[in-house]
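Reading the structure
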Amino acid sequence: MNLRSERLMNYAVLVLFAAMALGPVLIILGNALGPQSADSGPGLLGLHPGNFVDAWQQGNFASYMTTSVIVAAIVVTVSTVFSTLAGYAFGTMTFRGSQVLFYVFLLGIMVPTEAIVVPLFFDLRDLGLTNTLWAIALPQIAQSVAFGTFWMRATFRSSSRALIEAATLDGAGSARTLFSVLLPVARPAVVTLVVLSFMWTWNEFLIPLVMSPNADLRTAPLALAFFQGQHVQETALLAAGAVLVALPVVILYLFLQRHFIRGMLEGSVRE
Amino acid sequence: MKSSPVLAAEPVRQAGRPRRPSIGARSRLTPYLYLLPAFVVYAAFMIYPLIRAGQLSLYEWDGLSLATFVGLRNYQEVFTDPDLRDSFAHALVLIFFYSVLPVLVGLLISSVLHRARIRGLGFFRTVVFLPQVIAMVVVAIAWRQIYAPDGTLNSVLEAIGLDQLARPWLGDFVLALPAVGLIGTWVQTGLVTVLLLAGMSRIPGELYEAARIDGAGPVREFFAVTLPAVRGEIVVALTLTIIAALKTFDLIYVTTGGGPGNTTSVPSYEVFRRAFELGQVGSASAIAITLTIMIFAINLVVNRIGERDNR
């Protein structure tokens, strides 16, 4: 095989697999812009962007997206702050039981949601906490804290010891060392953590499904699943709704893809 | 869907090393104060429920009336109840589609692209990784529309004259499970490929030069240089994807609901169905605990392999 044909074959592989990855995405975008029925009129250059408006209204997405935004804001903020503090202790301080405690946190990264959601539902029900934001947010905070602590510990461990020692010599307390010396340097890692936990929270399905049995507090993916139940035959509307639900994370991904890829790959291979 | 970092061997660095200066800690309590907020939430919403799940798994309980202690009977059922055994068997089939297939395909793509060093690789990475960030519910709805009786796949088959192959894919007793599995292949292949590409980019070029001087062709080069060098990445890829396969819930819930019959039911889905639809909380908990142990075991095995590789 000569060089040119090998090159050609390489590009063929590249294009073929990119097309396979993009195919379903393009199909659902196409469906979302297609006519809702045979008498939908010509639309805009044959496309029907009005479907997004219809789906938004019929699926009541304004209110469900708001729920999703609130849940994500709570989970991301609280878990990032808590993980940073915990990761700081594990990464820079020596103390009794640090190994054991760290392994306890690591365990949480592996525990599947299915295992905690069943007892959580019944216990929170007895406390009258189901159908509240807390029931949806707190378990997800715990999950994100498990990963976040692991992630921030690794970040602080690799931060410069000289920097820490200089700060200590200057008489900075542990809080000042963290907030004015270490955190500014660790900003990229914090951004990665924020981006990942936002994605996990936004896309989470099982916890909101179980924790809001009367469906008062539907997050966007949940609303979409119910929307599907009512509009199984309405391909265009359903596709439009699906695109709307995926959009926030996809847009974020397009801008911050390095953080997504780095976090998901390094989160699994580092150390 | 949360990705589970692999607990790769962590060298015990503490031992035999001078104590690192504990930063500005004026009190021995300082580190614990930093840990406290995270630990409280974590203990209340992760550790405690996990222990409770273990406890519930020893009872027969409908979620409302009094529970009766049944010992390990719920676990016995995991191995003897034909429906449950089926669901674990389906999980094994999904592992093939979520893990084995993506690793094979990923190895092929990444080794070809790695050799080529062509332009457009950055764009390719962005595109193939995209399925990882789309909500599983959205993925499920997209593929439902592809597999629907009047969906994209059947239209394509009819257009190229293969009408007799067209069928309602997700309603087919034999093909529904592989159809769902292929969705998993679609989601995971990008992750695996990007992971392998990153691993291959770290292989020193001299290794290839040496192989070429020895007269190795592309195939021998792959088996002699590339494959051994990315063993670690393959292990990580297998762990991540096997765990993803075992945790498949959203996809089944939205595409098939476990049907037709129970041909696509999986353990995760059984946990949900039994706990919240059939009132068999004990049995659901036993399945969940079994699943958790399986995931721990897989991580442990990988950990071992990782350690051996480092030596």
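In case you missed it, the structure is sitting above this.
Below, the structure is looked at part by part. Here the structure is a predicted model, which means the values were calculated and not measured.

What follows deals with the overall build of chain B. Per the secondary structure count, chain B includes 13 helices and two strands. When the 311 residues of chain B are sorted by exposure, 55% land in the buried category. A fraction of 68% describes how many contacts in chain B between residues 6 or more apart in sequence connect residues 24 or more apart. A total of about 14200 Å² of accessible surface is found on chain B, and carbon and sulfur atoms cover 64% of it.

On the chain B side, the residues contacting the 108 residues of chain A number 94 residues. Taken as a group, A:Thr94, A:Met110 and A:Glu114 account for 7% of the area that chain A buries against chain B, more than any other trio of residues on that side. At the junction of chain A and chain B, the tally comes to one salt bridge. Among the salt bridges present, the one from B:Arg52 reaches A:Asp123, with a minimum N-O distance of 2.7 Å. Here chain A is connected to chain B by 17 residue pairs in polar contact (both at pLDDT 80 or more). Broken down by element, the side of chain A that touches chain B gets its largest block of residues, 18 residues, from helix α12 (residues 235-269) of chain A. Tallied by class, the residues present in the side of chain A that touches chain B amount to 76 nonpolar, 20 polar and twelve charged.

All names here are of chain B. The full count for this structure, using the stated rule, is ten salt bridges over all chains. Residue Arg 273 is joined to Glu 270 by a salt bridge in which the shortest nitrogen-to-oxygen separation is 3.5 Å. In this pair, Arg 273 and Glu 270 both sit in helix α12 (residues 267-276), three residues apart, roughly one turn of the helix. Residue Arg 273 is classed as partly exposed on the basis of its relative accessible area of 25%. Its relative accessible area of 2% is what places Glu 270 among the buried residues.

On to the layout of surface pockets. To find the voids left in a structure, one rolls a probe of water-molecule size over its atoms. In this structure, the second largest pocket spans a volume of roughly 570 Å³. Lining of the second largest pocket is provided by 24 residues; of these, A:Met20, B:Trp143, B:Tyr147, B:Leu182 and B:Trp186 occupy positions nearest its centre. For the lining of the second largest pocket, the secondary-structure elements that each account for two or more residues are α1 (3-32) of chain A together with α3 (82-116), α5 (136-147), α6 (152-159) and α7 (176-200) of chain B. Sorting elements by how many residues they give to the lining of the second largest pocket places α7(B) first, with eight residues.

Rules and cut-offs
Residues numbered from 1 in each chain as written. Chains lettered and ligands numbered in written order. Predicted model: local features only at pLDDT ≥ 70, side-chain atom pairs only at ≥ 80, totals over all residues. Heavy atoms only, no water. Helix = DSSP H or I, 4+ residues; strand = E, 2+ residues; numbered from the N terminus. Buried < 20%, exposed > 50% of the residue type's maximum accessible area, 1.4 Å probe, protein only. Contact = heavy atoms within 4.5 Å. Areas by Shrake-Rupley, 256 points an atom, 1.4 Å probe, with all protein chains shown as cover. Buried area = accessible area lost by both parts, 1.4 Å probe. Salt bridge = Lys/Arg side-chain N within 4 Å of Asp/Glu carboxyl O. Polar contact = N/O pair within 3.5 Å; in protein donor to acceptor, adjacent residues only side chain to side chain. Nonpolar A, V, L, I, M, F, W, Y, C, P; charged D, E, K, R; others polar. 1 Å grid on protein atoms, 1.4 Å probe; cavity = no way out; pocket = protein on both sides within 12 Å on 5 of 7 lines; lining within 4 Å. Points joined across faces, edges and corners; volume = space filled by probe spheres on them.

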